[in-house]
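Now for the letters of each chain:
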Amino acid sequence: MSNDVVRVEELRKVYDLGEVQVEALCGVTLSIRRGEFVAVMGASGSGKSTFMNILGCLDRPTSGRYLLEAKDVSTMARDELASIRNTRIGFVFQGFNLLHRMSAVQNVELPMLYGDVPKTERRKRAVESLTAVGLGERQGHHPNQLSGGQQQRVAIARALVNRPAILLADEPTGNLDSRTSVEILELFQRLHRDGATIVMVTHEPDIAEYCSRQIHFRDGELVDDRLNPHVRDAAADLAAMPPAHRRA
Amino acid sequence: MRLAESLEIALEAVARHRLRSFLTALGIIIGVFSVITIVAVGAGAQHMMQESFKSFGTNVLWLLPGSHVLGGARISITMSNSLTPEDAEAIAKECPDVIYVSPAAFTGSPVVHGNQNWSTVVNGVGQTFPVVRSWYPAQGAFFTEAEVTMAAKVCVLGRTVATKLFGRDDPVGRTVRLKKVPFRVIGVMAAKGQTGWGQDQDDIVLAPYTTVMKKLSGQTHLAAVSCTAVSASRMKQASEQITALLRRRHRIQPGAEQDFSILSAKDVLAMVDKIYDTLILFLGSVASIALLVGGIGIMNIMLVSVTERIREIGIRLAVGARGRDILLQFLLEALLLSVSGGLLGLLAGVGIAQAIASTLNWPILIDPGSSAIAVLFAAGVGLAFGFLPAWRASRLDPIQALRSE
């Protein structure tokens, strides 16, 4: 078996808008190896969101193949895709997408609820996952009692709790101030060092500099794909930044 | 996902909007409440009627003038003057399976004693009345055959009438006036109390039917004749003998409709049962409509609930919820609303039925079977009407659901 976590071949996605057909992806071929930290870049409308949705098994390609861990998921049924999302994919969104009526630890437990993990095991793994993102102390807090950065850490803990093959982050720092953004990137880099495969959509070039590989989309095509020779170290940047002001 | 966890989520969603959940369930509450109350009150009344007819004796036949059609729940009564005292006498003489015959004539009249005045029904009956009804005078005596034959102006008072007119005095031997005609009080019946439906059985004056007809009402026909068969097993024969005799006496051609009818306690019970069954069925259908309306209310709120929570559904789908997990979650929510509504309705129904029983002195009968059916039906309504919203929720596209605000 190859070391590819993701392999897409001639991936096409056409949206049928009635009178017109919009080609959001026109034949993308690409591999992502285990342990890569990839930045997906491109202007809005470039097809990067469509690409991420297909990668995340939230959407299916019109044609082409998508192999996730060598398994063809492009032809799977709805429920099979749900199970793939549950166990093999971790999502982090720009808007965090936490359930506000639940505490941090309950939010992290959510994927395991749909994976039939027993209750005690669920709680144990959720606490472990929250501890791994540095929020072990705040497991009982509700999202509205947490800062944006903390909420995003809860979301990351939730994404990781089922030990997915790949972590997909869609503009994860888009709603955060610059220091908190670097904090989140420091967390991603740490996870990456520990072996996680991460694909992150961003339109900010300086955020992409923390990734080891950068790919660019334009008009539904992959136009640039290169390794980043100078990966910035978020931990070092953080140390150089003025200390965070204590917020009220 | 396991059922217990889905139930927990549904419970939390219902508890979050308490007032809304209550209002949503209100239709179901009212529906179940109506079913329970209607059935309880109706069954109570039916039971009471049965009991009171049973007390009339199982071997009594009522002979009524006119034709009574006992088909289905219909009873059509044609008033007729076909029954005469002579008919009653003939039955007593010629029907071997009839032991007692008690003709009856009624008239409403004020009963006056001194300056005391009481309006009641004067029942003209035969001397066999106490035996037929197993109801005897507590003071004095009942009138005799001779008094009936000579249409003597004597009467026996019910306990209520005696108390109203004479207080604690003994009325026996005193005189009362019925329609200005003086009657001698020869007895007071034993107190019998109220019937199941609140009628005071002691508010009565008994006099010989002959006297009532000749001196009070001026009628020449009888209102009814109650005939007692020698035994419950000879009822059929007694009925056939009376029919044959009266057809002959009234010169009714074979095949022609007869101008009298014979009812037994069993017939009347069957009729009463039919009337109540129909009534309960009718009211029950009205209550079912309330349940259906309640179901529509649930569907409405569930659609709102799904729309409000599209983003939540998107998040759940994104982390791996399958369509059926979402379906189950919302279906359970609808079920929870309808079942708790059903149980609240059950509680309210039982409570109100009890209140009716104690304040209106109305016997109620809470039927566990129909109560269970009402609650189950409510649950079914919740499932049926909760399905569409739940199904819509389960078919949502995760990407669009996540994008919604």
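Calculation criteria
- Residues numbered from 1 in each chain as written.
- Chains lettered and ligands numbered in written order.
- Predicted model: local features only at pLDDT ≥ 70, side-chain atom pairs only at ≥ 80, totals over all residues.
- Heavy atoms only, no water.
- 1 Å grid on protein atoms, 1.4 Å probe; cavity = no way out; pocket = protein on both sides within 12 Å on 5 of 7 lines; lining within 4 Å.
- Points joined across faces, edges and corners; volume = space filled by probe spheres on them.
- Helix = DSSP H or I, 4+ residues; strand = E, 2+ residues; numbered from the N terminus.
- Nonpolar A, V, L, I, M, F, W, Y, C, P; charged D, E, K, R; others polar.
- Domains from an automatic or database assignment.
- Pairing = 2+ DSSP bridges.
- Axes fitted to C-alpha atoms, helices over the stretch in contact; angles between N-to-C directions.
- Contact = heavy atoms within 4.5 Å.
- Salt bridge = Lys/Arg side-chain N within 4 Å of Asp/Glu carboxyl O.
- Buried < 20%, exposed > 50% of the residue type's maximum accessible area, 1.4 Å probe, protein only.

Take empty space enclosed by the protein next. Applying the stated rule across the entire model yields two cavities of 30 Å³ or more. By volume, the largest cavity is sized at about 90 Å³. Every residue lining the largest cavity is counted, 14 residues in all, and those nearest its centre are A:Arg85, A:Ile89, A:Gly90, A:Arg158 and A:Ala159. Elements represented by at least two residues in the lining of the largest cavity include exactly helix 2 (78-88), strand 6 (89-92) and helix 5 (148-160) of chain A. Ranked by residues supplied to the lining of the largest cavity, first place goes to helix 2 of chain A with four residues. Lining the second largest cavity we find B:Ala13, B:Val14, B:His17, B:Arg20, B:Ser21, B:Thr24, B:Ile301, B:Ser305, B:Arg309, B:Glu333 and B:Leu337. Of all the secondary-structure elements, those providing two or more residues to the lining of the second largest cavity are helix 1 (3-16), helix 2 (18-55), helix 9 (265-308) and helix 11 (323-359) of chain B. The dominant element in the lining of the second largest cavity, judged by the number of residues it contributes, is helix 2 of chain B, at three residues. Grouping the constituent residues of the lining of the second largest cavity by class yields four nonpolar, four polar and three charged.

This next bit is on the layout of surface pockets. Taken as a whole, the second largest pocket holds about 520 Å³ of empty space. Lining the second largest pocket are 26 residues, with A:Ser49, A:Asn53, A:Phe93, A:Asp170 and B:Arg403 sitting closest to its centre. Of all the secondary-structure elements, those providing two or more residues to the lining of the second largest pocket are helix 1 (48-55), strand 6 and strand 7 (166-170) of chain A together with helix 13 (398-403) of chain B. Here the element with the most residues in the lining of the second largest pocket is helix 1 of chain A; it accounts for five residues.

Here chain B is partitioned into domain 1 (3-51 + 271-403) and domain 2 (81-258). Centre-to-centre, using C-alpha coordinates, domain 1 of chain B lies 54 Å away from domain 2 of chain B.

So, on to the sheet that holds strand 8 (residues 198-201) of chain A. All names here are of chain A. Strand order in this open sheet of six strands is 6-7-8-3-9-10, and the pairing throughout is mixed. On the outer flanks of this sheet lie strand 6 and strand 10 (221-227), each paired with one strand and no other. Direction aside, the axes of adjacent strands within the sheet are offset by 20 degrees on average. One ladder, built from six bridges, connects strand 9 (residues 213-218) with strand 10; its direction is antiparallel. Bridge pairing in strand 10 places Gln214 opposite Arg226.

The next thing to look at is the side chain of B:Ser338. Residue placement: B:Ser338 occurs in helix 11. With residues near it in sequence (within four places) discarded, B:Ser338 still touches B:Ile28, B:Ile298, B:Ala378, B:Ala379 and B:Gly382.

This paragraph deals with the pattern of salt bridges. Where charged atoms of side chains with opposite charge meet at close range, the side chains can pair. Per the stated rule, a full pass over the model turns up 32 salt bridges over all chains. For A:Asp79, the salt bridge is made with B:Arg324, and the minimal N-O distance between the two is 3.8 Å. Note that A:Asp79 is positioned in helix 2 and B:Arg324 in helix 11, a pairing that runs across two chains. Residue classification places A:Asp79 among the partly exposed residues on the basis of a relative accessible area of 31%. By sharing partners, the salt bridges in this structure join A:Arg101, B:Glu12, B:Arg16, B:Arg309, B:Glu312, B:Arg316 and B:Glu333 into a single network.

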